[in-house]
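# Examination of the molecular architecture
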Amino acid sequence: MSAPTTRPRRVAPAPRALHAQKTRMRLCTLLLLCISLGATAAPREARVPGGVAYVTLAPADAAPAPQARFAGAPVLVTRRNGAWQALVGLPLDLPAGEHRLEVLTPSGTQAVAFTVRDKRYPEQRITLKNQGMVTLAPDDAARAEREIEEIRALKRHWQAAPGQAPDLDFVRPADGRLSGRFGLRRVFNGEPRAPHVGLDIAVGRGTPVKSAAAGTVLATGDYFFNGKTVFVDHGQGLLSMYCHLERIDVRPGERLARAQALGRSGASGRASGPHLHWSVILNGAMVDPELFLAPPP
Ligand code: ZN
């Protein structure tokens, strides 16, 4: 039986209007997805010591890609926001003020100025049971000195990776609480020591540690301070370093996908307990790894 014509009809949008509404909703979802993906696809800029600066070099259609140097070292160049931009790592001891990027153009070298503002990082006091890890015996001091030189050379590694843009889309290398932020001015057993140039993630012993982004294993080692360590090269002077591992499962030259496991966490080297120490190196500068992760909600 059909309903009487006087009965109020259920209000429903016309099929065409409904289709348009659905399309709008899909577009909105897509847009939001793109925005959220865009937020994680590249590091956030922080023009402070220990941060990163984007410096525009040329329009994105310029070919070949421009090249630039900072403090004598080549810097990463990427296409971003319709331009070729340098992504410059700013060392923790860089003074605030105006700095210059050398840009190599077909007609010669040009200087592009950019400003770095000051940042004072908080202090962290750490107690180590083993005083020998704070005041080193002569043999340990000599070993640590040699290793610092070796690590310094690795940090300067530059592989252009021709035709391959570095993977800037980082993931957190281990799931855990952030227990030690980048840049902390550290005091061990009451004695001031070098600042904390990485990010500590609290994970138990034996937790899988993943490569933050796609890359190639540059080196592995077992160091006095950093313990069992893996260096991953992401191209154009962007490296990541994973320290205090219990076990290393990769070899130099091995290609790693983003989030591929490279070892297990531990407390090797100078560590107050099991955790992952993760560093990011850009044009030889240790920079804040948190800038490469999606911002906290
Ligand atoms: Zn650390």
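The sections below set out a description of the structure shown in this document.

Each value, and the rule that gives it
Residues numbered from 1 in each chain as written. Predicted model: local features only at pLDDT ≥ 70, side-chain atom pairs only at ≥ 80, totals over all residues. Heavy atoms only, no water. Helix = DSSP H or I, 4+ residues; strand = E, 2+ residues; numbered from the N terminus. Buried < 20%, exposed > 50% of the residue type's maximum accessible area, 1.4 Å probe, protein only. Core = buried A, V, L, I, M, F, W, Y, C linked by side-chain atoms within 4.5 Å. Contact = heavy atoms within 4.5 Å. Pairing = 2+ DSSP bridges. Donors = N, O, S within 2.8 Å, 3.2 Å for Na, K, Ca; no water. Polar contact = N/O pair within 3.5 Å; in protein donor to acceptor, adjacent residues only side chain to side chain. Expected span 1.5 Å × (residues − 1).

### Looking at the environment of Thr 105
Mapped onto the elements, Thr 105 comes out in strand β6 (residues 97-105). For Thr 105, a relative accessible area of 25% translates into the label partly exposed. It is 9.8 Å that separates the C-alpha atoms of Thr 105 and Ala 65, two residues lying 40 residues apart in sequence.

### A look at the nonpolar core
In terms of nonpolar packing, the biggest core is built from 47 residues, with Phe 170, Tyr 242, Leu 262, Leu 276 and Trp 278 touching the most fellow members. Listing elements by their share of this core, those giving two or more residues are β1 (52-59), α2 (138-155), β12 (199-202), β14 (215-223), β15 (227-235), β16 (238-248), β19 (276-282) and β20 (285-287). When residues of this core are assigned to their parent elements, the largest contribution, six residues, is made by β16. In contact with Leu 276, not counting residues within four places along its chain, are Pro 173, Ala 174, Leu 199, Asp 200, Ile 201, Val 203, Val 209, Tyr 242, Cys 243 and Leu 245.

### A look at the sheet that holds strand β3 (residues 73-74)
What links the strands of a sheet is backbone hydrogen bonding, and the strands pair in either a parallel or an antiparallel sense. The sheet built from four strands is open, its strands ordered β3-β2-β6-β7 with antiparallel pairing. Across the chains shown, the open sheet's two edge strands, defined by having one partner strand only, are β3 and β7 (108-116).

### Some thoughts on the coordination of the zinc ion
Coordination of the zinc ion by the protein involves His 196 (NE2), Asp 200 (OD) and His 277 (ND1), with metal-donor separations of 2.0 to 2.1 Å. Site description for the zinc ion: donor spacing in sequence, H-x3-D-x76-H. A residue pair is termed long-range when its members are at least 10 positions apart, and His 196 in the loop between β11 (191-192) and β12 and His 277 in strand β19 qualify at 81 residues.

### As for the sheet that holds β11
In space, the three strands of this open sheet follow the order β8-β10-β11, with mixed pairing throughout. Since the sheet does not close on itself, it has two edges, and those belong to β8 (123-126) and β11, each with one partner. The sheet contact formed by strand β10 (residues 185-188) and β11 spans two bridges and is antiparallel. Considered in β11, the bridge of Val 187 is made with Pro 192.

### A word on the pairing of β10
Strand direction decides the pairing type here: β8 and β10, joined by four bridges, are parallel. Opposite Glu 123, over in β10, you have Arg 185 as the bridge partner.

### A few points about the side chain of His 99
Within the secondary structure layout, His 99 lies in strand β6. Separated by 2.7 Å, the side chain of His 99 and the backbone oxygen of Pro 95 make a polar contact. Non-local contacts of His 99, meaning those with residues more than four positions away in its chain, are made with Phe 70, Leu 94, Val 112, Ala 113, Phe 114 and Val 116.

### So, α2
Along its 18 residues, α2 runs 26 Å from first to last C-alpha, staying within 8% of the 26 Å computed at 1.5 Å per residue. Looking at the buried side of α2, the elements it contacts are β14, β15, β16, β19 and β20.

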